[in-house]
Amino acid sequence: MTEQDGVSDGLYGERTLRNPDALIRRAGLRGDPDQDQHFLVDDRVLDRVPSYLPDDTDTSHVLEVGPGTGALTDRLLAVADRVTVVERDVRLADFLRREFADEIDAGRLTVLEGDALEVDLPEFTACVANLPYGISSEITFRLLPEGKPLVLMFQKEFAERMAADPATDAYGRLSVSAQHYADVEVVEPVPPTAFSPPPAVDSAVVRTTPRDPDYEVDDPAFFLDFVKALFTQRRKTIRNGIRNTTHITGIENPEAVVDAVEAYDEVLLRKRAGKLAPAQFAELAAVAADVERRESDA
């Protein structure tokens, strides 16, 4: 570290933290919007992000996706026993190995070079990351089923849809799917000026706290496909949604499913997807799966 780095207090005690602008200068690399690279450089935001982990989080091994030049990595090393970062840009991965050579030699930091959607992720106890926005959805749904606390940076609109309640404009497939795995909270809005280069959209930090849903799902893959299908028909009733989306759900006999739901709770068939709570989607999916099993056994 150099005189360009600073001293922090609070969460980090008197530990000297790397200055994000100095890291960019030492790397000799600037973020490339075409490569989905927007480095978080606001010290105040960087300092707060790890603090959003739930109080009882196990920080023995924290995962970070898209570390860039390592400003957040440095703060994670201050609160975690061990950190693994996944970086797809060869130049940034090489810089991280040079910049954090001491931490790597001490066994506290591992740099995985590759695409976070393709590499084998290690077992981790929590994930904190300023995600590349282009893979936000894919990486989030790779992480959520692991059942670990997550603190992730998203485009603000995406974040709000993740946390949305039923019967609100932002509520949709993303809301139901994310909340199936965890409690989801938007904990801080972040303006474009916090990044270098600034993105064209506002951002937000989201915390997910894993928990079991208050409903039963025997086949998670079918449940999530069922939710996806009905939201492609969100302006139609559930009755028509079931009939029109067999290419997504794989349901062989939609009329039999409609009849079974009608016998179970006819009111559900008149509703639209945006009005259903996650537990109601689970009820519908369970009825549909039961019909499919009986049809296949017949």
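No experiment lies behind these values; they were computed from the predicted model shown. (Residues numbered from 1 in each chain as written. Predicted model: local features only at pLDDT ≥ 70, side-chain atom pairs only at ≥ 80, totals over all residues. Heavy atoms only, no water.)

### A short note on helix H1 (residues 20-27)
Considered for burial, the residues of H1 that qualify are Pro-20, Ala-22, Leu-23, Ile-24 and Ala-27. Turning to H1, the residues buried within the fold contact strand E3 (39-40), helix H2 (43-48), helix H3 (71-79), helix H4 (90-99) and strand E10 (195-196). At the N-terminal end of H1, a side-chain oxygen is found 2.9 Å from the backbone nitrogen of Asp-21, two or three residues along, and the residue is Asn-19. Positive phi appears at Gly-28, one or two residues downstream of H1, with a value of about 70 degrees. (Buried < 20%, exposed > 50% of the residue type's maximum accessible area, 1.4 Å probe, protein only. Helix = DSSP H or I, 4+ residues; strand = E, 2+ residues; numbered from the N terminus. Contact = heavy atoms within 4.5 Å. Polar contact = N/O pair within 3.5 Å; in protein donor to acceptor, adjacent residues only side chain to side chain.)

### Overview of the UniProt feature "binding site: S-adenosyl-L-methionine" (unreviewed entry) in the chain
Sites flagged by UniProt as "binding site: S-adenosyl-L-methionine" (unreviewed entry) map to His-38, Leu-40, Gly-66, Glu-87, Asp-115 and Asn-130. Those residues in contact with Glu-87, other than ones at most four positions away along the chain, are Gly-66, Pro-67, Gly-68, Leu-92, Ala-93, Leu-96, Leu-112, Glu-113 and Gly-114. A polar contact of 3.2 Å, which involves the side chain of Glu-87, links it to the backbone nitrogen of Gly-68. Examined against the element boundaries, Asn-130 turns out to sit in strand E7 (residues 126-130). Judged by its relative accessible area of 13%, Asn-130 is buried. Aside from chain neighbours lying at most four places away, what touches Asn-130 is His-38, Leu-40, Val-65, Gly-66, Leu-72, Met-153 and Phe-195. At a separation of 3.2 Å, a polar atom in the side chain of Asn-130 contacts the main-chain carbonyl oxygen of His-38. (UniProt positions renumbered as here; feature names shortened; annotations may be inferred.)

### Some thoughts on the pattern of salt bridges
Opposite charge on two side chains permits pairing when their charged atoms draw close. Inspection of the entire model under this criterion finds 18 salt bridges. The residue Arg-75 makes a salt bridge to Asp-47 at a minimum N-O spacing of 2.8 Å. Placement of the pair is Arg-75 in helix H3 and Asp-47 in helix H2, with a sequence separation of 28 residues. Among the ionic pairs, Asp-290 bridges to Arg-294, the shortest N-O distance being 3.1 Å. (Salt bridge = Lys/Arg side-chain N within 4 Å of Asp/Glu carboxyl O.)

### Observations concerning the sheet that holds strand E5 (residues 83-87)
Two orientations exist for strands paired in a sheet by backbone hydrogen bonds: parallel and antiparallel. The seven strands are arranged E6-E5-E4-E7-E8-E11-E9 in an open sheet whose pairing can be described as mixed. On the outer flanks of this sheet lie strand E6 (109-113) and strand E9 (182-190), each paired with one strand and no other. Going from strand to strand, the sheet's axes swing by 25 degrees on average, the running direction of each strand aside. Bridge count for E5 against E6 is five bridges, and the pairing is parallel. (Pairing = 2+ DSSP bridges. Axes fitted to C-alpha atoms, helices over the stretch in contact; angles between N-to-C directions.)

### Re the pairing of strand E11 (residues 203-210)
Burial of E11 is extensive: six of the eight residues sit out of reach of the surface. Two strands pair when backbone bridges link them, and strand E8 (residues 150-155) and E11 are joined in this way by six bridges, in the antiparallel orientation. By the bridge assignment, Met-153 is partnered in E11 with Val-205. Looking at chain direction, E9 and E11 are connected through eight bridges and run antiparallel. Residue Glu-185 lies in a different strand from E11, and its bridge partner there is Arg-207.

### Looking at unusual backbone geometry
Note the cis peptide between Ser-196 and Pro-197, where omega equals -10 degrees. Mapped onto the elements, Pro-197 comes out in the loop between E10 and E11. One non-glycine residue, Ala-167, lies in the positive phi region at around 70 degrees. Mapped onto the elements, Ala-167 comes out in the loop between helix H7 (156-163) and helix H8 (173-181).

### Section: the environment of His-61
Position of His-61 relative to the elements: it lies in the loop between H2 and strand E4 (62-65). Distance from His-61 to Val-258, taken between C-alpha atoms, is 47 Å for residues 197 residues apart in sequence. Leaving out residues up to four positions away in the same chain, His-61 has contacts with Arg-82, Val-83, Thr-84, Pro-122, Glu-123, Phe-124, Thr-125 and Ala-126. At 3.3 Å, the side chain of His-61 forms a polar contact with the side chain of Arg-82. Of note is the side chain of His-61, whose polar atom sits 2.8 Å from the backbone oxygen of Glu-123.

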